[in-house]
Amino acid sequence: MPRPRNPELPTLLLAAAEELLVKKGGPHFSLRELSARVGYTLTAVYRCFENRAALLRQLNLRLFSEFNSYCVPPLDSGPLEATRMAGRRFVQWAVEHPTQYLFMFSEYGSDSLLTSPEEKATARIGLVGITTLLRMSKQIGQIDIEDPEATAIELLCYLHGLASLALSGRLEGTPGNDALEFLEANSTRMINRLLSIAPQ
């Protein structure tokens, strides 16, 4: 007897796809492998996702949603400290989820897979959030920068580069051989430099 349709199947498939992503060190799995992992037929998988590219696109969006949610800091201590905290959370998530992070920013997870304006907007939430925090900091006189969005782009490029170097094993001289300590120290320094804040 065929198994009844499960409205939770798309969510189950995406969770299983993430598990396979981590297990295989990248999106090197087929939809047949995915169907076997969740115990549903390949036909059931195709009812949820048109093809493998559609599945990877949704996995990318799921990861960006999780990543963006983690990076959003509380505003209790003000927008400037929230910007610093967002930077620390950015690199921390990357180091703690290396395979997912590399997938998100690889050819498999790039904007070429995000076809609709809504999908592309999801991947840009981090930039929008940092830009908003910088605008708030500028409005209340905490920082003096000309273009908050341009500064946010510079900041995210730095954080992405730093995280990528850490994940590739190309960072040397980490305090106590702890990449997170190194990332946090350098992120704080770079944020101060970008925002023209004197070290304290």
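Residues numbered from 1 in each chain as written. Predicted model: local features only at pLDDT ≥ 70, side-chain atom pairs only at ≥ 80, totals over all residues. Heavy atoms only, no water.

*Asks:* Would you mind showing me how to read the packing of helix α8 (residues 125–139) against helix α9 (residues 148–168) here?
*Replies:* For any two helices packed against each other, one specifies the crossing angle of their axes together with the interaxial distance. The contact between α8 and α9 brings their axes to 8 Å, and the two run at 125 degrees. Compared by their axis directions, α8 and α9 come out oblique. Of the two possible hands of crossing, α8 and α9 adopt the one that is right-handed. Residue-level contacts link Gly126, Leu127, Ile130, Thr131, Leu134, Arg135 and Lys138 of α8 to Pro148, Glu149, Thr151, Ala152, Ile153, Leu155 and Leu156 of α9. The class makeup of the residues in the contact of α8 with α9 is eight nonpolar, three polar and three charged. (Axes fitted to C-alpha atoms, helices over the stretch in contact; angles between N-to-C directions. Helix = DSSP H or I, 4+ residues; strand = E, 2+ residues; numbered from the N terminus. Parallel < 35°, antiparallel > 145°, perpendicular 65-115°, else oblique. Left-handed = near helix turned anticlockwise from the far one by under 90°. Contact = heavy atoms within 4.5 Å. Nonpolar A, V, L, I, M, F, W, Y, C, P; charged D, E, K, R; others polar.)

*Asks:* Sorry, what's going on with helix α5 (residues 79–96) here?
*Replies:* The periodicity of an α-helix, 3.6 residues per turn, causes residues three or four positions apart to be oriented the same way. Compared with the 26 Å implied by 1.5 Å per residue over 18 residues, the 25 Å span of α5 between its first and last C-alpha is a close match. For α5, every residue scored as buried is listed here: Pro79, Leu80, Ala82, Thr83, Arg84, Met85, Ala86, Gly87, Phe90, Val91, Trp93 and Ala94. (Expected span 1.5 Å × (residues − 1). Buried < 20%, exposed > 50% of the residue type's maximum accessible area, 1.4 Å probe, protein only.)

*Asks:* Help me understand the pattern of salt bridges, please; the structure alone is not making it clear to me.
*Replies:* Pairs may arise between side chains of opposite charge once their charged atoms sit close together. Tallied over the full model, the rule gives five salt bridges. Salt-bridge contacts for Glu81 lead to Arg84; the nearest nitrogen and oxygen are separated by 3.4 Å. You can see Glu81 and its partner Arg84 sitting in helix α5, three residues apart, about one turn around the helix. Given a relative accessible area of 24%, Glu81 falls into the partly exposed group. Across the pair Glu81 and Arg88 runs a salt bridge, and its minimum N-O distance is 3.0 Å. A relative accessible area of 21% places Arg88 in the partly exposed class. A single network of salt bridges, built from pairs that share partners, joins Glu81, Arg84 and Arg88. (Salt bridge = Lys/Arg side-chain N within 4 Å of Asp/Glu carboxyl O.)

*Asks:* Could you clarify how one ought to interpret α9 in this entry?
*Replies:* In this model α9 runs 30 Å from its N-terminal to its C-terminal C-alpha over 21 residues, within 8% of the 30 Å that 1.5 Å per residue would give. For α9, the full list of buried residues reads Pro148, Thr151, Ala152, Leu155, Leu156, Leu159, Leu162, Ala163 and Ala166. Across the axial projection of α9, the buried residues extend over an arc of 135 degrees, all falling on one side. Its side-chain oxygen at 3.1 Å from the backbone nitrogen of Glu149, Asp147 defines the N-terminal cap of α9. Immediately beyond the C-terminal end of α9, within one or two residues, lies Gly169, with a positive phi of roughly 80 degrees. (Arc of directions from axis to C-beta. Polar contact = N/O pair within 3.5 Å; in protein donor to acceptor, adjacent residues only side chain to side chain.)

*Asks:* What am I meant to see in the environment of Leu21 here?
*Replies:* The topology assignment puts Leu21 in helix α1 (residues 9–24). With relative accessibility at 0%, the residue Leu21 sits in the buried group. With 38 residues separating them along the chain, Leu21 and Leu59 place their C-alpha atoms 9.8 Å apart. Beyond its immediate chain neighbours, meaning those up to four positions away, Leu21 contacts Gly26, Pro27, Phe29, Leu59, Leu63, Thr99, Gln100 and Phe103.

*Asks:* Please explain the nonpolar core as it appears in this structure.
*Replies:* As a rule of thumb, soluble globular proteins bury nonpolar side chains together. Counting residues in each nonpolar core, the largest one holds 44 residues, and the members touching the most others are Leu34, Leu55, Phe67 and Phe90. With sequence-adjacent residues up to four places away left out, Phe67 is seen in contact with Phe90, Trp93, Tyr101 and Met104. (Core = buried A, V, L, I, M, F, W, Y, C linked by side-chain atoms within 4.5 Å.)

*Asks:* What's the story with the packing of α1 against helix α4 (residues 52–71) in this structure? I'm lost.
*Replies:* Where α1 contacts α4, the axes come no closer than 10 Å and their chain directions differ by 85 degrees. Put simply, α1 runs roughly perpendicular to α4. Here Thr11, Leu14, Ala15, Ala17, Glu18 and Leu21 of α1 come into contact with α4, specifically with Leu55, Gln58, Leu59, Arg62, Leu63 and Glu66. Here the residues of the contact of α1 with α4 are counted per class, giving seven nonpolar, two polar and three charged.

*Asks:* Teacher, can you tell me more about the packing of aromatic side chains here?
*Replies:* The way to describe two aromatic rings as a pair is by their centre distance and the angle between their planes. Inspection of every chain in the model, using the stated rule, returns seven aromatic pairs. Measuring from ring centre to ring centre gives 5.1 Å for Phe67 and Phe90, while their planes differ by 70 degrees; the resulting arrangement is edge-to-face. In this pair, Phe67 sits in helix α4 while Phe90 sits in helix α5, placing the two residues 23 residues apart along the sequence. Overall, the relative accessible area of 4% leaves Phe67 in the buried class. Judged by relative accessible area, Phe90 falls into the buried class, the value being 6%. A centroid spacing of 6.0 Å and a plane angle of 80 degrees characterise the contact between Phe90 and Tyr101, whose relative ring orientation is edge-to-face. Here the residue Phe90 occupies a position in helix α5, and Tyr101 occupies one in helix α6 (residues 98–104), the gap between them amounting to 11 residues. A residue is classified by how much of its surface remains accessible, and Tyr101, at 1% relative accessible area, is buried. Feature note: the residues Phe64, Phe67, Phe90, Trp93, Tyr101 and Phe105 constitute an aromatic cluster, connected by ring pairs. We note Arg52 situated over the ring of Phe29; from NZ or CZ to the ring centre the distance is 5.9 Å. If you follow Arg89 out to its NZ or CZ, it ends over the ring of Tyr70, 5.8 Å from the centre. (Phe/Tyr/Trp six-rings, centres within 6.5 Å; stacked < 30°, edge-to-face > 60°. Lys NZ or Arg CZ within 6 Å of the ring centre and 35° of its normal.)

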